[in-house]
Amino acid sequence: MAQPERIDIRTTSGPVPLFLGCGLDPVVLEAELVRPLAPDAIGIVSDTTVFRHYGRDLESLLESRGHRVVTVVLPPGETSKNLEIAVEIYGELCGNHFSRRSVLLALGGGVVGDLAGFVAGTYMRGLRFLQLPTSLLAQVDSSIGGKVGVNHRCGKNLVGLFRQPAAIWTDTRCLSTLPPEEYLNAFGEILKYALVLDEPLCARLEALPSVEAVRADEALQAEVVRRCIRAKVAVVEQDEHEAGYRRVLNFGHTFGHALETAGRYVRFRHGEAVALGMLLAQELGVAVGAVERSWADRAAGLVRRLLPLPSPEGHAADGLLRHLGHDKKNVAGRHFFVFSTGPGRFAFREDVPEPALRQTLERFLAAGGAAPAGARRKPAACGRCSRGSPPAMISSTTS
Ligand code: NAD
């Protein structure tokens, strides 16, 4: 088995080791990360898809090493990231006598990681937890930095906290089973790093024929994952609680979260919404004189070439403005935005006037996201549709 690379993330609650590799040994995971925590019980939180691929082996391994394991499996998708499901998980933990010595393992994508981290941070005022990210998006972004939480009908990630995991275990071999659309989805966040933080990555992506070229080349994929992890770690180490600099990671997210909320968390994947949000932010940046038109067009060209984006048609500026009003970065009613001002460069603006915002949204929506029709991805139908499973029941098993 391959030796993992180890990155120690400096946080206010102590160093968080991140292990990165392809084909990591779960026996090492148990021996070096789980056993030292001396848990009286382990809760594996996963979704049905990921559990089918990776959960059973992990559960068996932990049981064979003498651990008491309770497995909680959720319907896959963003609609599971809510308080109702969190409450169901509290019930499972309580019913199985989890104590402060117990440990949760978040095995899955960003939905599972954010939700399980939220439960770990709040149950009995805090359990230890490990992030085992299995989606590309979770590996390059959501498993790092300690932001955990759930969605609310008023806003994306509206309820949450900062809670660092005890460790992060990132095995890129898991990416082999990730559906192509979920692989693409991660490029919303990967492009974000490139456009505001990492000029060499931006150059690399501009030279790429397609996202498939990354997937087909293990060394290139490893390099992209490592670069994004390093970019995020560098930001989090400087500003763990998002007092200032960390807000750079919200590039594309202000509009993106408004779209996700307006689409009731089923219409857009997170990365797609972020990508649309980056296009909108750049248009707004041009409107307020923070971004050169030539760079906005070049950045938009890169985003559109790598990602087939859904059209935001059907959404109205008024609705999106209402959701923007709940943005966590607003200060005293003033809208805060991050713009990319060149490859790997950014600017903050805290005084974006509402008329500029409205006009940018109206233009963008009227142009159907301004994408050439052939390059658009058909949006999901709506409501409790194909992608979002209803936030129904979780299932659990106990050893
Ligand atoms: P997700 O967790 O819903 O995973 C996407 C889909 O991929 C799911 O259907 C899942 O079952 C499947 N999947 C995951 N790994 C797989 C694998 N190895 N093989 C086969 N299928 C697999 O979504 P996501 O895109 O991973 O994460 C999006 C979430 O992350 C959003 O809720 C977003 O808000 C959050 N996020 C959080 C942060 C943070 O800092 N906490 C940062 C960025 C995004």
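The notes below deal with the structure included here. Every value quoted in this text rests on a predicted model; they were computed, and no experiment measured them. (Residues numbered from 1 in each chain as written. Predicted model: local features only at pLDDT ≥ 70, side-chain atom pairs only at ≥ 80, totals over all residues. Heavy atoms only, no water.)

1. Some thoughts on the side chain of glutamine 221
Part 1 of the argument: Residue placement: glutamine 221 occurs in helix α10 (residues 218-238).
Part 2 of the argument: Taking relative accessible area as the criterion, glutamine 221 reaches 9% and is therefore assigned buried.
Part 3 of the argument: Setting aside residues no more than four positions away along its own chain, glutamine 221 makes contact with Thr172, Leu175, Tyr183, Val214 and Arg215. (Helix = DSSP H or I, 4+ residues; strand = E, 2+ residues; numbered from the N terminus. Buried < 20%, exposed > 50% of the residue type's maximum accessible area, 1.4 Å probe, protein only. Contact = heavy atoms within 4.5 Å.)

2. Some details on the sheet that holds strand β6 (residues 128-133)
Part 1 of the argument: Sheet architecture is open: eight strands sit in the order β1-β2-β9-β6-β5-β3-β4-β14, paired in mixed fashion. The open sheet has two free edges, formed respectively by β1 (5-9) and β14 (395-398), since each of these has just one partner strand. Here the strands of the sheet are splayed against their neighbours by 15 degrees on average, with no regard to which way each runs.
Part 2 of the argument: Both strand β2 (residues 16-21) and strand β9 (residues 167-171) contribute to a ladder of four bridges, which runs parallel. Within the sheet, the bridge partner assigned to leucine 20 lies in β9 and is threonine 170.
Part 3 of the argument: This element, helix α3 (residues 83-95), spans β3 (42-47), β4 (69-74), β5 (103-108) and β14 of the sheet and lies at about 160 degrees to β4. (Pairing = 2+ DSSP bridges. Axes fitted to C-alpha atoms, helices over the stretch in contact; angles between N-to-C directions.)

3. Examining empty space enclosed by the protein
Part 1 of the argument: Applying the stated criterion to the full structure yields one cavity of 30 Å³ or more.
Part 2 of the argument: Estimates place the volume of the largest cavity at around 100 Å³.
Part 3 of the argument: In terms of lining residues, the largest cavity is bounded by 13 residues, among which Lys156, His257, His323, His326 and Asp327 are the most central.
Part 4 of the argument: Elements supplying a minimum of two residues to the lining of the largest cavity: β8 (155-162), α11 (253-262) and α14 (317-324).
Part 5 of the argument: In terms of residues, the lining of the largest cavity owes the most to one element, α11, which gives four residues.
Part 6 of the argument: Here the lining of the largest cavity is built from residues that sort into four nonpolar, six polar and three charged. (1 Å grid on protein atoms, 1.4 Å probe; cavity = no way out; pocket = protein on both sides within 12 Å on 5 of 7 lines; lining within 4 Å. Points joined across faces, edges and corners; volume = space filled by probe spheres on them. Nonpolar A, V, L, I, M, F, W, Y, C, P; charged D, E, K, R; others polar.)

4. Observations regarding the packing of aromatic side chains
Part 1 of the argument: Tallied over the entire structure, the rule returns eight aromatic pairs.
Part 2 of the argument: Seen from their ring centres, phenylalanine 19 and tryptophan 169 are 5.7 Å apart, and the 50 degrees between their planes marks the pair as tilted. With phenylalanine 19 in strand β2 and tryptophan 169 in strand β9, this pair connects stretches of sequence that are 150 residues apart. Here the two residues phenylalanine 19 and tryptophan 169 agree in accessibility, since each one is buried.
Part 3 of the argument: For the pair tyrosine 183 and phenylalanine 187, a centre-to-centre distance of 6.1 Å together with 35 degrees between the ring planes defines the contact as tilted.
Part 4 of the argument: A connected cluster of aromatic rings, assembled from ring pairs, spans Tyr245, Phe336, Phe346 and Phe348.
Part 5 of the argument: Sitting above the plane of the phenylalanine 348 ring, arginine 247 keeps its charged end 5.0 Å from the centroid. (Phe/Tyr/Trp six-rings, centres within 6.5 Å; stacked < 30°, edge-to-face > 60°. Lys NZ or Arg CZ within 6 Å of the ring centre and 35° of its normal.)

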